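# Fold and geometry: a report
The residues making up each chain are set out below.
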Protein chains: 2
Amino acid sequence: MIINLERNDRTPIYMQIRNQIMIKISNGNLPSGSRLPSERSLALELGVNRSTIVRAYEELAADGLVEAHVGRGTRVCTSLPSEPINEHSDEPPFAWQHLLNRSSHRMQDGTLAGILGMLSSDNLISFASGVPDPETYPLEECRLLCEQVLNTEWKSALDYSETNGMPVFRQALCSFLKDEGCSYSPENILVCSGSQQCLDILARTLIEPGDSVIVEEPTYIGALNAFRLSRARFLPIPVDREGMRTDILEQILKRQQAKFIYTMPTAQNPAACTLNPERRLHLIKLARQYHLPIVEDDAYGCLHYGPEPVPSLASLDRSGQVVYLGSASKMIFPGLRIGWIAGPEQLIKACALIKQVTDLHTSSFSQLLMAKLFQKKRLRDHLDGIRPLYKKKRDIMLNALTRCAVPGLKWHVPDGGLYIWAELPSPVKAADLLARTRRKGVVFMPGAPFFPNGGGEQFVRLAFSRHSHTEITRGIGIICAEIELMLAELVEHNIDYSSISNLHLV
Amino acid sequence: MIINLERNDRTPIYMQIRNQIMIKISNGNLPSGSRLPSERSLALELGVNRSTIVRAYEELAADGLVEAHVGRGTRVCTSLPSEPINEHSDEPPFAWQHLLNRSSHRMQDGTLAGILGMLSSDNLISFASGVPDPETYPLEECRLLCEQVLNTEWKSALDYSETNGMPVFRQALCSFLKDEGCSYSPENILVCSGSQQCLDILARTLIEPGDSVIVEEPTYIGALNAFRLSRARFLPIPVDREGMRTDILEQILKRQQAKFIYTMPTAQNPAACTLNPERRLHLIKLARQYHLPIVEDDAYGCLHYGPEPVPSLASLDRSGQVVYLGSASKMIFPGLRIGWIAGPEQLIKACALIKQVTDLHTSSFSQLLMAKLFQKKRLRDHLDGIRPLYKKKRDIMLNALTRCAVPGLKWHVPDGGLYIWAELPSPVKAADLLARTRRKGVVFMPGAPFFPNGGGEQFVRLAFSRHSHTEITRGIGIICAEIELMLAELVEHNIDYSSISNLHLV
């Protein structure tokens, strides 16, 4: 057995022997059941006293690693890592649940994880997630760009890069945003790993536990969760077809203190509404009047189906009060995890310090690939190409809903984004409906989690982006048929109940 | 001018006109200074009353978008987004600083950002960061793997994926870890964006504000910052050449409550020490006795220069008490941002809920690329290849230090990792030394930020990974020469001072 002894080491010889045998056991070099050399032979081999080996073996036995059997010598009694943790082990499992902090305990419902989980089953028609249609990915172009990156910028692509984002990416993004009417320099940009991280980092930079945040009702679950994790409270402002009710916001601001206003003014998720120009100006006016930052989440701004895009709040902002969040996820490739915060340098610096603690920086490879897409109008061409495709899918879903003509089912025509937001006929609840349609292979997102302080059980969010026209029509047919069935059953139930209670009265 | 009026819309006609002109202004379709049609001609064109146009123009003037000049008609007075935020604008800049939360205020020193910033200057010899040598990147192989990913798995590579990590990656990682003596199933793994994110997510899952965390002194700055951001306090345990002083840990545990023990037992950053086998068993025994989780950060475990690797704590753990953090950043490609938390399923589930709020999931592309590297022993071959290269660089730096023979400068031979940890001769301070060597083109990391509760001003961390042999020798020569100069000056100063005070006594 090869054991290297260091005579000058402070560690006693018998401990050196024990340590090196321990390593061999845990490495698997000495598997379970294998026999150690006899004490005498090892002592000879190493040129030490037999008593030194005896002591080393005694230590190993005390560690539970070897067993001495009379007449059979000393054997390894277990190779340490042979079994998965907690299974078949002689120790009771460690009680992790009690160590989680309060935020973790509060997070245990995991709605979003459920949605992402639902995606992985190939047999479902899923209207649950607003994921881009992979058929739209410009794959050939992407492969060429990857090759370019690896040919000319491979060092940067695989290496650490700046926390704020790679200069070449930020510069390309600024040019892109300039065409959108927003003037930013690279110092105004923090590159994040998707717009979800933008929300989390902003929350961690701004929110003090107990702070109130103004949000739309309903609004994006991921934003609510990020703000909740920073222990915010919510001041919800209802939306209608024209976006946030700024008249109600004005009333709230007169009597309530808030940290910032979070809004998704264009193609809102989930309510599929776009803030009209008048309310945009009103919102900015109120923010100035009450000295409140606006966090504008423009994840879906690139997917508008009207003749002209409505200007972003950031493009209307003249006092540096709007923080603008964008994302590559709905534009092109969600798997690259690229998003950005654009705003005043002072804020960006503070956010970058948090980002650095969070994950140092966003994938260099992803940034270089996206930078190439931003350059030379490639991305703009792609967007011009996908808008009509998604608009068509929207229309297919709208037609299917209209044809089914479920009494009391309400929706409106979204002018952007990937969703139809529908209200179920009373008293059908989205969660009950989902349980039934799921059995028939169709899922969607129930509305309740989008409501910051409860409610919304009668709403559903239907994403039309992922599936083919036939699947959309089939899926909507299944959902509508279930609603009709539930309405019929509920009517029967009501009759039953009333007859029972009549009997009781007798 | 093209304006589409919706007679059935709830928005009054004059507001529709105003809104659409506003959009044209902010789009740049109506640039600054351009003239609007006369009220009469636009009224005719749109088939509305002239008074409707008058009202619309009045609204636009009230918004500050147009100005009416007698005899010159109505002109756009500014295209809204023409200037960068806060510059040349008529509004005072918005006071963001006052909106930052307490954690943000505390983060404002940004030591790590500074290090990453130092990297970007090509003319420096930087011993500041433990970044892999890009010359070691297996580029040709990587290009082939990228092509494979894009040929066969492009949909998954560019699409959303599971929060916990892609199954194919987790499976490949588990096989890799099995060879390291750790038995995990994919359910025991959470894929993160680098090991920095592992630390942040664990902190957010476990730490309640005010909780105490046991850390080594010195220890990794990124861990300290992640724990600080979750408002932890620190119980520092000193390290020596054999790693954490578990005897002192035992004393502390007798009188102090802690949430968990954070340790980097192998090739510790920054102290370049490896916990000896005996202390490993002692540490695990103490953790069991006090029912304390151990967070084992094994970022540098792959870079050991001894004959056999010391077994990880995770491989010695039989009660599921060790959470194991790993990273691709020191193994191969830091730019991909791949790290992992391996631990009991219960904890992994709780961490995944936090991860989901943080950034939904880690880059799918990066995961697929890394999965391919884990498969077929490619990564192991790469590691076997880079260890001798780094060991050689270590020896070059050690030789340079020995040759310079600065009196009182102390270091030891690290048996792994990318750093030499050195103690400066008293009274030289690392920060003063850095200020001087920087002017001569050499930087390193001063020791103080690695100390959780202050101290460490006499230490420096010297990373030997990035530069060529010649540069290492030259850089160490410059540093050592500066130390000798400083010592000489300090001696002179001391003489001066004493002679001055003697004069005063006279």
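Residues numbered from 1 in each chain as written. Chains lettered and ligands numbered in written order. Predicted model: local features only at pLDDT ≥ 70, side-chain atom pairs only at ≥ 80, totals over all residues. Heavy atoms only, no water.

### Observations regarding the overall build of chain A
Inclusion rule: Here a helix means four or more residues in a row that DSSP labels H or I, a strand means two or more in a row labelled E, and each is numbered from the N terminus. Based on C-alpha atoms, the radius of gyration is set beside the globule rule, defined as 2.2 Å times the residue count to the power 0.38. Buried means the residue's accessible area, taken with a 1.4 Å probe over protein chains only, is under 20% of the maximum for its type, while exposed means over 50%, and partly exposed covers the values in between. Contact between two residues is taken to exist if any of their heavy atoms lie within 4.5 Å; hydrogens are not considered. Surface exposure here means Shrake-Rupley accessible area, sampled with a 1.4 Å probe, where a residue is shielded only by the protein chains that are shown. Counted as positive: Lys and Arg. Counted as negative: Asp and Glu, with His and the chain ends omitted from the count. Think of each charge as sitting on NZ of Lys, CZ of Arg, CG of Asp or CD of Glu.
Counting secondary structure elements, chain A contains 18 helices and 15 strands. Taken against the 2.2 N^0.38 rule, which gives 23 Å for 506 residues, the C-alpha radius of gyration of chain A at 31 Å runs more than 25% over that of a compact globule. Taking the principal axes of the C-alpha coordinates as reference, chain A spans close to 90 × 75 × 50 Å. Here chain A holds 506 residues, and the buried ones make up 60% of them. Look at the contacts in chain A between residues 6 or more apart in sequence, and 71% of them connect residues 24 or more apart. When the accessible surface of chain A is summed, it comes to about 19,700 Å², and 50% of that surface belongs to carbon and sulfur atoms. Averaged over its 54 positive side-chain charges, chain A has a centre that lies 2 Å from the centre of its 55 negative ones.

### Let's talk about the layout of surface pockets
Quick note on the threshold: Points on a 1 Å grid, built from protein atoms alone, make a cavity when a 1.4 Å probe fits but cannot get out and make a pocket when they are open with protein on both sides within 12 Å along at least 5 of 7 lines; residues with an atom within 4 Å of a point are the lining residues. Grid points are joined across faces, edges and corners, and a volume is the space filled by probe spheres set on the points. In this classification, Asp, Glu, Lys and Arg are treated as charged, Ala, Val, Leu, Ile, Met, Phe, Trp, Tyr, Cys and Pro as nonpolar, and every other residue, Gly included, as polar.
As a volume, the largest pocket reaches approximately 1,300 Å³. Considering the residues around the largest pocket, the lining is formed by 39 residues, among which E6 and D9 of chain A together with E242, N276 and D415 of chain B are closest to the centre. Those elements that place two or more of their residues in the lining of the largest pocket are α1 (13-27) of chain A together with α12 (277-289) and α16 (378-404) of chain B. With 5 residues, the top contributor of residues to the lining of the largest pocket is α1 of chain A. Of the residues belonging to the lining of the largest pocket, the class tally is 13 nonpolar, 14 polar and 12 charged. Of the voids in this model, the second largest pocket is the one considered here, and its volume is about 1,100 Å³. What lines the second largest pocket is a set of 31 residues, among which E242, P307 and D415 of chain A together with E6 and D9 of chain B lie closest to the centre. When residues of the lining of the second largest pocket are assigned to their parent elements, the largest contribution, 5 residues, is made by helix α1 (residues 13-27) of chain B. Here the lining of the second largest pocket is composed, by residue class, of 11 nonpolar, 11 polar and 9 charged.

### Section: the nonpolar core
Note the cut-off: Joining through side-chain atoms within 4.5 Å is the link that ties buried Ala, Val, Leu, Ile, Met, Phe, Trp, Tyr and Cys residues into a set, and such a set is a nonpolar core.
Within the largest apolar cluster, 300 residues are counted, with the highest numbers of intra-cluster contacts made by F227 of chain A together with F227 of chain B. Here F227 of chain B is in contact with L199, A203, I207, V213, V215, A232, F234, F260 and Y262 of chain B, once residues within four sequence places are set aside. Residues M15, L36, A43 and L60 of chain A belong to the second largest nonpolar core, which totals 21 residues.

### Things to note about the sheet that holds strand β11 (residues 339-342) of chain B
All names here are of chain B. Going by this rule: At least two bridges found by DSSP between two strands is the condition for calling them paired. Working convention: axes come from line fits to C-alpha atoms, limited for helices to the stretch in contact. Angles between N-to-C directions cover 0 to 180 degrees.
The strand order across the open sheet built from 8 strands is β4-β11-β10-β9-β8-β5-β6-β7, with neighbouring strands paired in mixed fashion. Because the sheet does not close on itself, it has two edges, and the strands there are β4 (189-192) and β7 (243-244). Pairing of strand β6 (residues 233-240) with β7 involves 2 bridges; the strand directions are antiparallel. Pairing of V239 across the sheet is with M244, part of β7. Running over the sheet, helix α8 (residues 167-179) touches β4, β10 (322-327) and β11 and is turned about 110° from β4. Sitting on the sheet, α12 is in contact with β6, β7, β8 (260-263) and β9 (294-297), with an inclination near 145° to β9.

### A short note on the pattern of salt bridges
Residue and element names in this part refer to chain A. We count it as follows: Note on definitions: salt bridges are taken to be side-chain nitrogens of Lys or Arg within 4 Å of carboxyl oxygens of Asp or Glu.
One pass over the structure, following the stated rule, counts 48 salt bridges over all chains. Measuring nitrogen to oxygen at the nearest pair gives 3.8 Å for the salt bridge that ties E345 to K349. Taken together, the residues E345 and K349, both in helix α14 (residues 345-359) and 4 residues apart, mark about one turn of the helix. Residues joined in a network through salt bridges with shared partners are D179, E180, K377 and R380.

### Focus on the sheet that holds strand β7 (residues 243-244) of chain A
Residues and elements named next belong to chain A. Here 8 strands make up an open sheet; going across it, the order is β4-β11-β10-β9-β8-β5-β6-β7 and the pairing mixed. With one partner strand each, in any of the chains shown, β4 (189-192) and β7 form the two edges of the open sheet. With 6 bridges connecting them, strand β5 (residues 212-217) and strand β6 (residues 233-240) associate as parallel partners. Note on β6: the bridge partner recorded for V215 is P236. Most of the contacts of helix α12 (residues 277-289) go to strand β9 (residues 294-297), to which it runs at about 145°, and overall it touches β6, β7, β8 (260-263) and β9.

### Some thoughts on the side chain of T246 of chain A
Assignment of secondary structure puts T246 of chain A in helix α11 (residues 246-255). On the basis of relative accessible area, T246 of chain A is assigned to the buried category, the value being 3%.

### Some remarks on the pairing of strand β11 (residues 339-342) of chain A
All names here are of chain A. The alternating pattern of β11 places G339 and I341 and W340 and A342 on opposite faces, both of which are buried. Relative to β11, strand β10 (residues 322-327) is paired through 4 bridges, and the arrangement is antiparallel. Residue pairing for β11: Y324 is matched across the bridge by A342.

### Remarks on the relation of the copies chain A and chain B
Here is the rule: Superposing copies: least-squares fit, C-alpha atoms only, residues required to have pLDDT of at least 70 in both.
Placing chain A over chain B gives an RMSD of 0.1 Å and needs a rotation angle of 180°, together with 0.1 Å of translation along the axis. Viewed as a symmetry operation, the transformation between the two copies matches a two-fold axis. Taken as a fraction of all interface residues of chain A, those also at the interface in chain B reach 100%, which identifies the copy contact as same-surface.

### A short note on helix α15 (residues 364-374) of chain B
Counting along an α-helix, one turn takes 3.6 residues, and residues three or four places apart therefore face a common direction. Residues and elements named next belong to chain B. Among the 11 residues that make up α15, 11 are buried, leaving the element largely enclosed by the rest of the structure. The set of residues buried in α15 consists of S364, F365, S366, Q367, L368, L369, M370, A371, K372, L373 and F374. Note on α15: the residue one or two positions beyond its end, K376, has a positive phi of about 55°.

### As for the interface of chain A and chain B
The test is simple: Values labelled buried area give the accessible surface lost by two parts on being combined, using a 1.4 Å probe and summing over both.
Taken together, the 125 residues of chain A in the interface contact 125 residues of chain B. In total, chain A and chain B occlude about 11,600 Å² of area from one another, counting both sides; carbon and sulfur atoms represent 60% of this. The largest contributions to the chain A side of the interface with chain B come from W96, Y160 and R318 of chain A, which together make up 8% of the buried area. Summed over the shared surface of chain A and chain B, the result is 10 salt bridges. With a closest N to O distance of 2.9 Å, E208 of chain A and R102 of chain B form a salt bridge.

### Observations regarding the packing of helix α9 (residues 194-206) of chain A against helix α10 (residues 221-229) of chain A
All names here are of chain A. Keep this limit in mind: These descriptions rest on fixed angle ranges, namely under 35 degrees for roughly parallel, over 145 for roughly antiparallel, 65 to 115 for roughly perpendicular, and the rest for oblique. Working rule for handedness: look at the near helix, and if it is turned counterclockwise from the far one by less than a right angle, call the crossing left-handed; if clockwise, right-handed.
For the pair α9 and α10, interaxial distance at closest approach is 8 Å and the crossing angle is 30°. With respect to α10, the axis of α9 lies roughly parallel. The two elements α9 and α10 meet at a crossing, and its hand is right-handed. Residues Q196, L199, D200 and A203 of α9 lie in contact with α10, whose contacting residues are G222, A223, A226 and F227. Grouping the amino acids of the contact of α9 with α10 by side-chain chemistry returns 5 nonpolar, 2 polar and 1 charged.

### A short note on the packing of aromatic side chains
Applied cut-off: In this analysis, rings of Phe, Tyr and Trp, with Trp reduced to its six-membered ring, are considered paired at centre separations within 6.5 Å, and the interplanar angle assigns stacked below 30 degrees, edge-to-face beyond 60, and tilted for intermediate values. Charges are assigned to positions over rings by a cutoff of 6 Å between ring centre and Lys NZ or Arg CZ, combined with an angular limit of 35 degrees from the ring normal.
Tallied over the entire structure, the rule returns 27 aromatic pairs over all chains. Seen from their ring centres, F227 of chain B and F260 of chain B are 5.5 Å apart, and the 80° between their planes marks the pair as edge-to-face. Of this pair, F227 of chain B sits in helix α10 (residues 221-229) while F260 of chain B sits in strand β8, and the two are 33 residues apart along the sequence. Exposure class is identical for F227 of chain B and F260 of chain B. Each is buried. Three or more aromatic residues link up through ring pairs in this structure, and these residues are F169, F176, W340 and F374 of chain A. In this structure, R380 of chain A is placed above the aromatic ring of F176 of chain A, and the distance from its NZ or CZ to the ring centre is 4.2 Å.

### Things to note about the pairing of strand β15 (residues 459-463) of chain B
Residues and elements named next belong to chain B. Counting buried positions along β15 gives 5 out of 5 residues, so the element sits mostly inside the fold. Every second residue of β15 is oriented toward a common face, with F459, R461 and A463 on one face and V460 and L462 on the other, all of them buried. The sheet contact formed by strand β13 (residues 419-423) and β15 spans 5 bridges and is antiparallel. When the sheet's bridge partners are listed, I420 is paired in β15 with L462. Taken together, the 2 bridges between strand β14 (residues 442-446) and β15 define a ladder with antiparallel strand orientation. The residue bridging M445 from the neighbouring strand is R461, located in β15.

### Let's talk about helix α16 (residues 378-404) of chain A
Rules: In this analysis, the expected span of each helix is defined as 1.5 Å times one less than the number of residues it contains.
For α16 of chain A, built from 27 residues, the straight-helix expectation of 39 Å at 1.5 Å per residue is met to within 8% by its first-to-last C-alpha distance of 40 Å. Looking one or two residues past α16 of chain A, A405 of chain A carries a phi angle of roughly 50°, positive in sign.

### Observations concerning the confidence of the model for chain A
We count it as follows: Note: pLDDT gives the predictor's confidence per residue, expressed from 0 to 100.
Per-residue pLDDT for chain A averages 88, and the proportion of residues at 70 or more is 91%. Predicted as a complex, the structure gets a pTM of 0.85 and an ipTM equal to 0.83.

### Notes on the packing of helix α2 (residues 39-46) of chain A against helix α3 (residues 50-62) of chain A
Residues and elements named next belong to chain A. Interhelical geometry of α2 versus α3 gives an angle of 120° and a closest axis separation of 8 Å. With respect to α3, the axis of α2 lies oblique. As α2 runs across α3, the sense of the crossing is right-handed. For the pair α2 and α3, contact is made by E39, R40, L42, A43 and L46 and by R50, I53, V54 and Y57, respectively. Looking at the contact of α2 with α3 residue by residue, the class counts come to 6 nonpolar, no polar and 3 charged.

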